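Results of the structural survey
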Amino acid sequence: MAEVVVLGAGISGHTAALHLRRLLGRGHKVTVVSPNSNWNWIPSNIWVGVSKLPKEKVIFPLAPVYRRKGIDFLQAKATAIRPKGDAQDSRGAVDIEFTGQNKAGQTDRIRYDYLVYATGPKLKFEATEGLGPDAGNTTSVCTADHAREASEKLAATIAKLKEGTPQTLVVGTGHGTCTCEGAAFEYTFNVDHELREAGVRDLATLYYMTNEAQLGDFGVGGMTFNQNGFETSSELWTSSLFRERDVRPIVGTHVHKITSSTINFETLDGEMHDLDYDFAMLLPPFSGQPVKAFDAEDNDITGEMFAPSGFMKVDADYTPKPYEEWKASDWPSTYQSVGYNNIWAVGIAFAPPHQISQPRKSPNGTVIAPAPPRTGMPSGVMAKHVAMTIVDRIKIGSKAKAYEAPLSKMGAVCVASAGTGLTNGSAAAMIMNPVVPDYAKYPTGRDLATTRGEIGLYGHWSKLMLHYLFIYKAKARPGWQLIPE
Amino acid sequence: MSEEKTTTPVPVLDLSGAPMPNVKTLKARYNLLSQFGKFVGFNLSIMRMVVKEGEH
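First, a word on what this report is: a plain description of the structure on this page. (Residues numbered from 1 in each chain as written. Chains lettered and ligands numbered in written order. Predicted model: local features only at pLDDT ≥ 70, side-chain atom pairs only at ≥ 80, totals over all residues. Heavy atoms only, no water.)

The subject of this paragraph is the overall build of chain B. Along the backbone of chain B there are two helices and zero strands. By the burial criterion, 25% of the 56 residues in chain B qualify as buried. Carbon together with sulfur atoms contributes 64% to the accessible area of chain B, which is approximately 4,100 Å² in total. (Helix = DSSP H or I, 4+ residues; strand = E, 2+ residues; numbered from the N terminus. Buried < 20%, exposed > 50% of the residue type's maximum accessible area, 1.4 Å probe, protein only. Areas by Shrake-Rupley, 256 points an atom, 1.4 Å probe, with all protein chains shown as cover.)

The next thing to look at is the nonpolar core. Formed by 120 residues in total, the largest nonpolar core has its most connected members in L20(A), Y117(A), F185(A), Y187(A), I390(A) and L407(A). Considering every element that reaches this core, the biggest residue donor is helix α8 (residues 376-395) of chain A, with eight residues. (Core = buried A, V, L, I, M, F, W, Y, C linked by side-chain atoms within 4.5 Å.)

So, about the packing of helix α4 (residues 144-162) of chain A against helix α5 (residues 181-197) of chain A. All names here are of chain A. Viewed as axis vectors pointing N to C, α4 and α5 meet at an angle of 40°, and their least axial separation amounts to 11 Å. By the angle class used here, α4 and α5 are oblique. Taken as a pair, α4 and α5 cross one another with a handedness that is right-handed. Across the interface between the two elements, A150, L154, I158 and L161 from α4 touch Y187, V191, E194 and L195 from α5. Of the residues in the contact of α4 with α5, the class split is seven nonpolar, no polar and one charged. (Axes fitted to C-alpha atoms, helices over the stretch in contact; angles between N-to-C directions. Parallel < 35°, antiparallel > 145°, perpendicular 65-115°, else oblique. Left-handed = near helix turned anticlockwise from the far one by under 90°. Contact = heavy atoms within 4.5 Å. Nonpolar A, V, L, I, M, F, W, Y, C, P; charged D, E, K, R; others polar.)

All names here are of chain A. In space, the three strands of this open sheet follow the order β24-β25-β26, with antiparallel pairing throughout. Of all the strands in the sheet, just β24 (412-417) and β26 (452-456) have a single pairing partner and so form its edges. Averaged over all pairs of adjacent strands, the angle between their axes in this sheet comes to 10°, without regard to strand direction. In terms of strand pairing, strand β25 (residues 427-432) meets β26 through five bridges, oriented antiparallel. (Pairing = 2+ DSSP bridges.)

This part covers the interface of chain B and chain A. Note: interface size is frequently given as the accessible area lost on complex formation between the parts. Taken together, the 34 residues of chain B in the interface contact 54 residues of chain A. Each partner contributes to the roughly 3,600 Å² buried at the junction of chain B and chain A, and carbon and sulfur atoms together form 68% of this total. At the junction of chain B and chain A, the tally comes to two salt bridges. Across the pair E244(A) and R29(B) runs a salt bridge whose closest N-O atoms are separated by 2.9 Å. Those elements that provide at least two residues to the side of chain B that touches chain A are α1 (23-29) and α2 (32-54) of chain B. For the side of chain B that touches chain A, the class distribution of residues is 21 nonpolar, nine polar and four charged. (Buried area = accessible area lost by both parts, 1.4 Å probe. Salt bridge = Lys/Arg side-chain N within 4 Å of Asp/Glu carboxyl O.)

Turning our attention to the sheet that holds strand β15 (residues 253-258) of chain A. Residue and element names in this part refer to chain A. Strand order across the open sheet formed by three strands is β15-β16-β17, with antiparallel pairing between neighbours. Strands at the two margins of the open sheet, each flanked by one partner only, are β15 and β17 (272-276). Between one strand axis and the next, the sheet turns through 30° on average, direction left out of account. In the sheet, strand β16 (residues 262-267) pairs with β17 via five bridges, with the strands oriented antiparallel. Bridging from a neighbouring strand, T262 pairs with D276 of β17.

This part is about the side chain of H273(A). Residues and elements named next belong to chain A. Take H273: it is sitting in strand β17. On the accessibility criterion, H273 (9% relative accessible area) is buried. A polar side-chain atom of H273 sits 3.0 Å from a polar atom in the side chain of T267. (Polar contact = N/O pair within 3.5 Å; in protein donor to acceptor, adjacent residues only side chain to side chain.)

A few words on helix α6 (residues 234-245) of chain A. Residue and element names in this part refer to chain A. Given a rise of 1.5 Å per residue, 12 residues ought to cover 16 Å, and the 17 Å separating the end C-alpha atoms of α6 matches this to within 8%. When α6 is considered as a whole, its buried residues turn out to be S234, W237, T238, S239, S240, L241, F242 and R245. Positive backbone phi, approximately 55°, marks D246, located one or two places after α6. (Expected span 1.5 Å × (residues − 1).)

Attention now goes to the packing of aromatic side chains. Residue and element names in this part refer to chain A. This model, assessed by the stated rule, comprises 17 aromatic pairs over all chains. Site record: aromatic cluster; members linked through ring pairs are F185, F189, Y208, F218 and F242. Over the ring of F311 we find R374; its NZ or CZ atom is 5.2 Å from the centre of that ring. Positioned above the aromatic ring of W47 is the side chain of K463, whose terminal nitrogen or guanidinium carbon lies 5.4 Å from the ring centre. (Phe/Tyr/Trp six-rings, centres within 6.5 Å; stacked < 30°, edge-to-face > 60°. Lys NZ or Arg CZ within 6 Å of the ring centre and 35° of its normal.)

The following block contains the structure:
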């Protein structure tokens, strides 16, 4: 009997676990370790953040799904990986600390034959002084709870606007190395939409504060679309929407400090600025989860397995090189851990070789460089491919070829909501192919025939459809595996 | 907090050169028939991409 352990139950971990269970007989064990008791369809947190959905509509408990599917579930966080085991047993092991199941605080060491490391990011609010819900200043939409809190604060701001008091709202990134600019974009335009629906848009000044050097970068270096006979940049396309909706963009920013009334930030030219605000949603930068690694003699090998960012190193080219020498082939294909052929890292948890967007520094040396996004669709695809690799290794043998899912050959769909409503909502519906641009293959970095972006009501219908489809899929309802990642 | 503010000049991007959609474009974004056609086309594009990637 093989034992497969999956760390994390987000889009990647949960997808991997379901496919592993589906493809492996019940003679093999699949265990999920996650500190959260609920699964969260994070793309819809935006709508929770503007009170269009209650929190309960974007989460569901994991335990019943795993029970039904015959997957063991431990509500715990991983604290250490021991890929060569310990003095008692040479099988790989993970140290865990329970966070629920009436065992909070208890620790254990569990063994594995195969390990899928899908822990997702640590939300590093502490990287910016005063950032985040715990500091009491700015809000976030990274979790369902954060999004609900954001919706309450936004509602209070709209109430003040209705009383006739002008308000300044700021949405964007709270640090120079944030990712998820797409989520910030979505929340900005959903806030704009809500302000208009409330009839108070004219009293609100809405800023979009971003670490992107140009609008439309989205952490992927922007895109080029064919539109109306011209090659259009995503920069022009998004600038149009910002102008149309009177959202004031501030680009190339790194936030240094936030108080209850002021955001202090630096721009790429090295100048410092203060922006007073009434409501702010600023995303945190990500790091890897605080998981250490030890060899069989208990020596710390964290630096061998993990990059300084805390994400797990995989089959990528981590050789430091300037932007001009980056290649699509720098990116991983199999997501297998460096040095261990039974460990894989997927989703946000794997260490990228570098950014996708051109990294920049201010004259003061401040890094203002969007981190590469690992969005839902690629994360699910990676997870499924790793699950299939593990299944083949179990059924065929250790020489079974690994399935490959490089971001430089994979397309991704991104639907960025710009306001809800079955007849008056809209979204920017984008396809980028591939995710990581390949300038050796395509002059614009991506395939112009399949890379596209358009704003319209159909985008909102698409995002709504994805909301229902992916929650259905994640609940492992009949036919779930027919819904593509 | 929202009365007189003493902020330093905030470098807002100049968008005066960005194209503005005309009335026809704005109406088309919410035209149910044409948007339904785009909805179908968009999802077919996704399926084509998924099937093609599955063949690799």
